[in-house]
Amino acid sequence: MKNCPNCNTQLNDDAVFCTNCGKQLAQAQYAPQPDPYDHTAEFDEKDISENKVISMLVYLMGWIGIILALLGSNTSKYAAFHVRQALKFVVVETLIPIVLAVGVVVNIIPFLGTIIYGLAFIVAMVLYIIFFVVKIICFFQICKGQAKEPAIIKKLDFLR
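Residues numbered from 1 in each chain as written. Predicted model: local features only at pLDDT ≥ 70, side-chain atom pairs only at ≥ 80, totals over all residues. Heavy atoms only, no water.

Draft legend 1. Region of interest: the state of the cysteines. Summed over all chains, the structure comprises 0 disulfides. You can see C4 has no disulfide; the closest cysteine sulfur is in C18, sitting 3.6 Å from it. Classification of C4 by relative accessible area gives buried; the value is 2%. Lacking any disulfide linkage, C18 is separated from the closest cysteine sulfur, that of C7, by 3.5 Å. You can call C18 buried: its relative accessible area is 5%. (Disulfide = S-S within 2.5 Å. Buried < 20%, exposed > 50% of the residue type's maximum accessible area, 1.4 Å probe, protein only.)

Draft legend 2. Region of the structure containing the packing of aromatic side chains. Counted by the stated rule, this structure contains 5 aromatic pairs. Taking the centre distance of 5.7 Å and the plane angle of 55 degrees together, the rings of F43 and F81 count as tilted. In this pair, F43 sits in the loop between β2 (10-11) and α1 (45-50) while F81 sits in helix α4 (residues 77-106), placing the two residues 38 residues apart along the sequence. A relative accessible area of 11% places F43 in the buried class. Using a relative accessible area of 4% as the deciding quantity, one classes F81 as buried. (Phe/Tyr/Trp six-rings, centres within 6.5 Å; stacked < 30°, edge-to-face > 60°. Helix = DSSP H or I, 4+ residues; strand = E, 2+ residues; numbered from the N terminus.)

Draft legend 3. Structural view of the environment of V92. Within the fold, V92 resides in helix α4. When its relative accessible area of 19% is taken as the criterion, V92 is described as buried. Separated by 40 residues in sequence, V92 and F132 have C-alpha atoms that sit 12 Å apart. Beyond its immediate sequence surroundings of up to four residues, V92 is in contact with F131 and L156. (Contact = heavy atoms within 4.5 Å.)

Draft legend 4. Spatial organisation of helix α5 (residues 112-143). Here α5 is 32 residues long and its end C-alpha atoms lie 47 Å apart, about the 46 Å a rise of 1.5 Å per residue gives. Taken together, the buried positions of α5 are occupied by G113, A120, A124, F131, V134, K135, C138, F139, Q141 and I142. Contact partners of the buried residues in α5: α2 (52-60) and α4. Looking one or two places after α5, you find G145, whose phi comes out positive at around 80 degrees. (Expected span 1.5 Å × (residues − 1).)

Draft legend 5. The arrangement of the pattern of salt bridges in detail. Scanning the entire structure with this criterion turns up 3 salt bridges. Taking the shortest distance from any N to any O, the salt bridge between E50 and K46 comes out at 3.9 Å. Residue E50 and its partner K46 are located together in helix α1, separated by 4 residues, close to a single helical turn. The residues E50 and K46 share a single accessibility class, namely exposed. Across the pair E93 and K135 runs a salt bridge, and its minimum N-O distance is 3.1 Å. With E93 in helix α4 and K135 in helix α5, this residue pair connects regions lying 42 residues apart in the sequence. For the pair E93 and K135, a shared accessibility class is recorded, and that class is buried. (Salt bridge = Lys/Arg side-chain N within 4 Å of Asp/Glu carboxyl O.)

Purely geometric stuff here, so don't read any function into it on its own.
Quick look at the structure:
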């Protein structure tokens with residue numbers, strides 16, 4: 001139980017207004033929680049500005065961009081962060097053809113196999129489109145000098 005600071009009426013702990021005088025009661029202020037997937041503050045501004053372009057390549061060019069980033073800025077922690085994130089994409093995107101292969105194998109079953117293959121194809125295409133959109137988002141985050149773990153793959157704990 002708490003008391004109204006204006007008229008001293010006893011109120012429930014969850015009361016927002018006093019039931020006697022109508023005064024608004026003070027609410028607890030909560031500090032906003034920082035985004036646990038935003039690592040921008042961990043990097044030096046000079047490192048970010050010098051390695052933005054090379055970091056963009058990892059999302060635009062796949063394996064080739066990753067190799068170029070590793071060769072071109074092997075001392076940059078910022079570029080290394082984005083290389084790790086891009087490697088997550090590459091690993092997950094490598095698994096998508098396995099979904100299609102399962103669909104092809106199951107396709108030998110009459111009727112049901114065709115349906116499963118069609119669903120596997122649709123799922124694979126949707127995943128490719130989603131990954132493409134997330135990579136574009138990552139590209140624009142690099143343009144702003146941010147280092148955020150990309151959506152969808154940020155829950156994957158490998159390559160931290």
